[in-house]
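A look at the structure
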Amino acid sequence: MEEILEQANKLQNELTEIRHHIHRHPELGLETVKTADFVIEKLKDMGYEPKRIGGNGVIATVGKQTGKCFLIRGDMDALPIEEQADVDYKSEVPGRMHACGHDMHTTMLLGAAKLLKENEEQINGIVKLLFQPGEEIMNGAKSMIEAGVLENPKVDGAFMFHVVSGFPVPTGNIICPEPGNRASSNDAFEIHIQGKGGHGAMPEKSVDPINVAVKVYEAIQAMQCRELPSSQDVTISLCQIEAGSAFNIIPDTAIMRGTLRTFDESTRNYVLKRMAELADGIATLYHASATANSTEGSPTFHVDGSVVIPVRKALEKVFGDTVVDFEQAIGVKSMPGSEDFAYIAQKVPGAFFFISSGNSEDGYKYSMHHPKVRCSDEILYRGAAAYAIAAMAWLDHNN
Ligand SMILES: [Zn+2]
Ligand SMILES: [Zn+2]
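Residues numbered from 1 in each chain as written. Chains lettered and ligands numbered in written order. Predicted model: local features only at pLDDT ≥ 70, side-chain atom pairs only at ≥ 80, totals over all residues. Heavy atoms only, no water.

1. Points about the pairing of strand β3 (residues 69–75)
Along β3, 7 of the 7 residues are buried, which leaves the element largely enclosed by surrounding structure. Here β3 shows two buried faces, one formed by Cys69, Leu71, Arg73 and Asp75 and the other by Phe70, Ile72 and Gly74. Pairing geometry for β3 and strand β4 (residues 126–132), over 7 bridges, is parallel. Opposite phenylalanine 70, over in β4, you have valine 127 as the bridge partner. Between the parallel elements β3 and β4, the chain passes through helix α4 (residues 102–118) in a crossover that is right-handed. Pairing analysis gives 4 bridges linking β3 to strand β5 (residues 157–167), with the strands arranged parallel. The residue bridging phenylalanine 70 from the neighbouring strand is glycine 157, located in β5. (Buried < 20%, exposed > 50% of the residue type's maximum accessible area, 1.4 Å probe, protein only. Helix = DSSP H or I, 4+ residues; strand = E, 2+ residues; numbered from the N terminus. Pairing = 2+ DSSP bridges. Right-handed = clockwise from strand over helix to strand, strands pointing away.)

2. Description of the domain arrangement of the chain
Splitting the chain by domain gives domain 1 (2–183 + 300–398) and domain 2 (187–295). The C-alpha centroid of domain 2 is placed 39 Å from the C-alpha centroid of domain 1. Contacts between the two partners involve 8 residues from domain 1 and, on the opposite side, 5 residues from domain 2. Across the domain 1/domain 2 interface, buried area totals approximately 470 Å², and carbon plus sulfur atoms make up 46% of it. Where domain 1 touches domain 2, the interface holds 0 salt bridges. Inspection of the domain 1/domain 2 interface yields 2 residue pairs in polar contact (both at pLDDT 80 or more). For the side of domain 1 that touches domain 2, the element with the most residues is strand β7 (residues 180–183), which contributes 3 residues. (Domains from an automatic or database assignment. Contact = heavy atoms within 4.5 Å. Buried area = accessible area lost by both parts, 1.4 Å probe. Salt bridge = Lys/Arg side-chain N within 4 Å of Asp/Glu carboxyl O. Polar contact = N/O pair within 3.5 Å; in protein donor to acceptor, adjacent residues only side chain to side chain.)

What follows is the structure, encoded as structure tokens:
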């Protein structure tokens, strides 16, 4: 496996060029049309037979015809942000930027594709490469599953990298989480309260939806601290309340919107069910009516020991003490935010690792989603090698 890192090192200039090209041409959501075309062209040059999946996703396989199959993913989509980073390969598309480093992931996975092809004889099974759109809108992985990414050949395990800048972690360090639920679920919810509008001077002739909204707000907070065990990490934030148009008109409706994050699927389901019950019950009590809806975001991300342990061991052999603990490096046990690869990790054992793309103590002070965030090109060959090693090591361990 050590030779793979040496081979990767020789690809560094090529990977830097690829990354700058992708960075200059960011695309959003599921519409990664040109990025997918670019990836397909590169894969064909390497001798692959890539296929489009679910619109603008790309898959390709390498290795043997039989045995277990391990999926490695790089996401390709950018964000609707105007780039302010001080780099000479700035986004050429106004209002769009690769501010989450998915240009890095796509490049590293292309690097891994080349390394795996060069070492195809030594692959103990099948590696499936997935270049995925739509991560930022939290439905890319889901649409890939619906399009059959986990079948033909059937996938037995899965892995992804995410770059991270702006933390005091040496650039290039590989950051491994402990097994467990390591990224929260992410649901948006909306409660619609229907009252009866009227004159502010005659409340007795109206049903005030603001009155109901206030009580629903309190009941949700009380539910969180009275009905859930203290061991549950749950965040419920009601971030928007819309009601009323003037100081003397009782409005007809009130709309409340918020976000729910949990680390446990049963807690997630319980909270969504209880929010609807509380809203309905309280509204009825005050002669109003209420409906609650949630837009499903990604589920909790379960990092599986059967992936994380053999992959970490193999990476430590090659990368030594630059492989570090997630909690020590990032300061928390779990990923801040959510990750749509969780959909795949719900279906097959999966894991994510981070790789530091810029130490905050070396001038990389902005983190992901910031208009000035930068990612160091230096780490591209390491990420490419690590992706390839992760896949080969998991297959060696399981075939
Ligand atoms: Zn992001
Ligand atoms: Zn991201």
